[in-house]
Amino acid sequence: MKIIHLPFCFYPDAMGGTEVYVEALARELSKQGITNIIAAPSFNNQSYTYNQLSIRRFAISSEIKYLKEIYGEGDRLGVIEFGKILDQEQPDLIHFHAFTRGVSLRMVKLAKSRKIPVIFTYHTPTVSCQRGTLLQWGTQVCDGEIQLSKCTACTLQGLGVNRNIANIITYLPSIVSKTLTQINLSGGIWTALQMKELVNCRSQAFRSLMKEVDHIIAVCDWVKNILIINQVPSDKITVIRQGLCQEIREDLRQSVGNEQNKPLRLVFFGRIDPTKGIDILIEALMAEPKLNVTLDIYGISQSEFSSLYENNIEDLVQKDDRITLKNPVSSNMVVETMKEYDLLAVPSQWLETGPMVILEAFAAKVPVIGSNLGGIAELIKHDVNGLLVEANSIRSWTTVIGELCDNRNKLNTLKSGINPPPQMSLVADRMKLIYRTLIT
C-alpha cells in the first residue's frame, strides 16, 4: 500500500503542528508496512529524504494573478506538477491534510479522475471559515454554518473594515462583486467590494471538496459538528483525535518541581501568529509587573504575513524582563524542554483542533492553562489537569496566573490529574483500517 500525504508545507520550511502530525503519522504507518510519501507545495520541484521519509515538493506559481486562485479551486501550475508525481509514484490513496491555493480542490479532482481514493483531515478552522478563526466578529464562537452574507461581513470586519460598513457591503447586488472579480481589480476597497463573490467561491470550493473526497477525518468533536451543520453526511466522518508524535522516556514523565519562593515558570510553544494569542498572554503579565512569574516563548515563524505581529511581540517582550523570546526547538525536543517549566500557556484566539502541544505537556506531566475554546476545552478538564480561561480577556489571564503564583500547591493538584496522552501508533492503527476499506 502506498499513500501520498499532502500538508500545507514541510521541512525545511518551518513546520507547525499539522506538519509534525503528518510526519509522525507517516512514520508510524511505515512501521506497519505502508509506503508513505509526503508531498507539499514549494516554489520549485524537489525530491529528498527527511527522517527516512520520501519527500516530494512540487512547484506552484510564485505570483497570484487572480484572487480566485486563493478563494477558489487553487493554483493551476501546482496541479500540473502534482500530476507528474502521481505518474511517477502511482499511489493507492491520497491523504490531504490542507485546503489551500497549493493543496487544492483541483488536486482532489485530479486524483478522483484517476480513480485514486482521497481522504481529507480537517486540521484548522481555515478549512471552512474564511475569517480563519471560527470566532464571529472575532469575539464569539460561531456555529460554523456557512452563510454568504454572515461570512462575508465577518471576513471583512476581520480585515479591518468597520462592522457597519461590512454589513452594508454584503447588501450590494451580487453582480457588482462578480464584475469586479472578473475585471481582477484588487487591493483596498476593490478587494472589499469583491469579498462577497470571493467568499462565495470559497464556500462552493469547500462544499465541492466535501463531496469529492471519500472520507473525512475530524480530529476533535467540534469539527464533526460543524461538518454536519454544513450538510456533510455523518457516516462520511470519523473522529480520530491526535496522538503524541514521539515516544517518551520514563524519566521525562516527571517535570521539575517548583519551590514557593521561585518564580512561576510559564512556557509557550507555537507559531508567532495573532491566532495564537501571545500578545494576550504578554499583556496579562505586564498588567501585574510584581507577579513572581517568568515566561519563555519558543516561537515559530511560519508565515511572511505575520512579520508585523512578530515585531509587535518583540517590542512587548523588551518592556518586561520576566519575558524571554527563545529559539524554537525541534519537535522531538519539546517534551524534554517542557519538563523544565511549571505550566504551559495556550492562549489561542481561534478554535484549535488540538493542539498537539497540550498532549506534549501532558506527556511531561505539566499542567496547561488555556483558552476556553474548541479543542483546547476538549482536552483540558478545568481544575483537574489544567485551567480554562476566557480567551480574549487579559484580566482573566492575569487573575488566574496571579492565583497560581500565590498557591503553588494547586500545581501539584493539577499534575496529579494528568493522564498519559494517546500515542500516534493508535492513530495509525485506525487510519490504516480506513485506508484499507477505501482501497479494497
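Predicted, not measured: the structure shown is a model, and the values here were computed from it.

(A) Just the sheet that holds strand 10 (residues 237-239), in detail. Spatially, 8 strands are ordered 3-4-2-1-5-6-9-10 in an open sheet, and the strand pairing comes out mixed. For this open sheet the edge positions go to strand 3 (46-50) and strand 10, each flanked by a neighbour on one side alone. Strand-to-strand twist in this sheet, taken as the mean axis angle between neighbours without regard to direction, amounts to 25°. Relative to the sheet, helix 3 (residues 76-89) contacts strand 1 (2-6), strand 2 (35-42), strand 4 (53-59) and strand 5 (93-96), its axis offset from that of strand 4 by approximately 145°.

(B) Highlighting the nonpolar core. Membership of the largest hydrophobic core comes to 59 residues, with the highest contact counts inside it found for Leu6, Phe82, Phe96, Phe120 and Leu227. In terms of residue count, the dominant contributor to this core is helix 8 (residues 189-212) (9 residues). Each residue touching Phe82, except ones within four places of it in the same chain, is listed here: Ile4, Leu6, Ala39, Phe58, Ile94, Met107 and Leu110. Membership of the second largest hydrophobic core comes to 52 residues, among which are Val20, Ile38, Met338 and Tyr435.

(C) How the structure looks around the pairing of strand 12 (residues 293-300). Summarising burial for strand 12: 6 of the 8 residues are buried, a large majority. Here strand 11 (residues 264-271) runs beside strand 12; their pairing, made up of 8 bridges, is parallel. Its bridge partner being in strand 12, Arg265 is matched across the sheet by Thr294. For the handedness criterion, the β-α-β arrangement of strand 11, helix 10 (residues 278-286) and strand 12 is classed as right-handed. Relative to strand 13 (residues 323-326), strand 12 is paired through 4 bridges, and the arrangement is parallel. Note on strand 13: the bridge partner recorded for Ile297 is Leu325.

(D) Molecular detail of unusual backbone geometry. Following Tyr11, the chain continues into Pro12 via a peptide bond in cis, with omega recorded as 15°. Of note, Pro12 is situated in the loop between strand 1 and helix 1 (17-31). Pro355 follows Gly354 through a cis peptide bond whose omega is -10°. Of note, Pro355 is situated in the loop between strand 14 (343-346) and helix 13 (356-363). The phi angle at Gln90 is positive, at roughly 50°, despite the residue not being glycine. Take Gln90: it is sitting in the loop between helix 3 and strand 5. Here the phi dihedral of Trp137 falls at roughly 60°; this positive angle occurs in a residue that is not glycine. In this structure, Trp137 sits in the loop between strand 7 (135-136) and strand 8 (140-141).

(E) Structural detail: the pattern of salt bridges. Per the counting criterion, the structure on display carries 17 salt bridges. Residue Lys31 pairs with Glu28 through a salt bridge whose shortest N-O separation is 3.4 Å. Of the two residues, Lys31 and Glu28 both sit in helix 1, 3 residues apart, roughly one turn of that helix. You can call Lys31 exposed: its relative accessible area is 58%. Between Lys112 and Asp214 there is a salt bridge, with the nearest N and O atoms lying 2.8 Å from each other. Taken as a pair, Lys112 in helix 4 (residues 105-113) and Asp214 in the loop between helix 8 and strand 9 (215-218) lie far apart in primary sequence, 102 residues in all. Given the relative accessible area of 29%, Asp214 is considered partly exposed.

(F) Expanded view of helix 17 (residues 424-439). In this model, helix 17 (16 residues) spans 22 Å end to end at C-alpha, consistent with the 22 Å of a helix rising 1.5 Å per residue. Within the span of helix 17, buried status applies to Met424, Val427, Ala428, Met431, Lys432, Ile434 and Tyr435. Packed against the buried residues of helix 17 are strand 1, helix 1, strand 5, strand 6 (118-122), strand 9 and strand 10.

(G) Summary view of the packing of aromatic side chains. This model, assessed by the stated rule, comprises 6 aromatic pairs. Note on Phe10 and Tyr50: the rings are 5.6 Å apart at their centroids and 85° apart in plane angle, and the pair reads as edge-to-face. Taken together, the positions of Phe10 in the loop between strand 1 and helix 1 and Tyr50 in strand 3 put the pair 40 residues apart, joining distant regions of the chain. Accessibility assignment for this pair places Phe10 and Tyr50 in one class, buried. Ring geometry for Phe58 versus Phe82: centroids 5.6 Å apart, planes at 55°, classification tilted. Residue Phe58 is found in strand 4, and its partner Phe82 is found in helix 3; the two are separated by 24 residues along the sequence.

Conventions we followed
Residues numbered from 1 in each chain as written. Predicted model: local features only at pLDDT ≥ 70, side-chain atom pairs only at ≥ 80, totals over all residues. Heavy atoms only, no water. Pairing = 2+ DSSP bridges. Helix = DSSP H or I, 4+ residues; strand = E, 2+ residues; numbered from the N terminus. Axes fitted to C-alpha atoms, helices over the stretch in contact; angles between N-to-C directions. Contact = heavy atoms within 4.5 Å. Core = buried A, V, L, I, M, F, W, Y, C linked by side-chain atoms within 4.5 Å. Buried < 20%, exposed > 50% of the residue type's maximum accessible area, 1.4 Å probe, protein only. Right-handed = clockwise from strand over helix to strand, strands pointing away. Salt bridge = Lys/Arg side-chain N within 4 Å of Asp/Glu carboxyl O. Expected span 1.5 Å × (residues − 1). Phe/Tyr/Trp six-rings, centres within 6.5 Å; stacked < 30°, edge-to-face > 60°.

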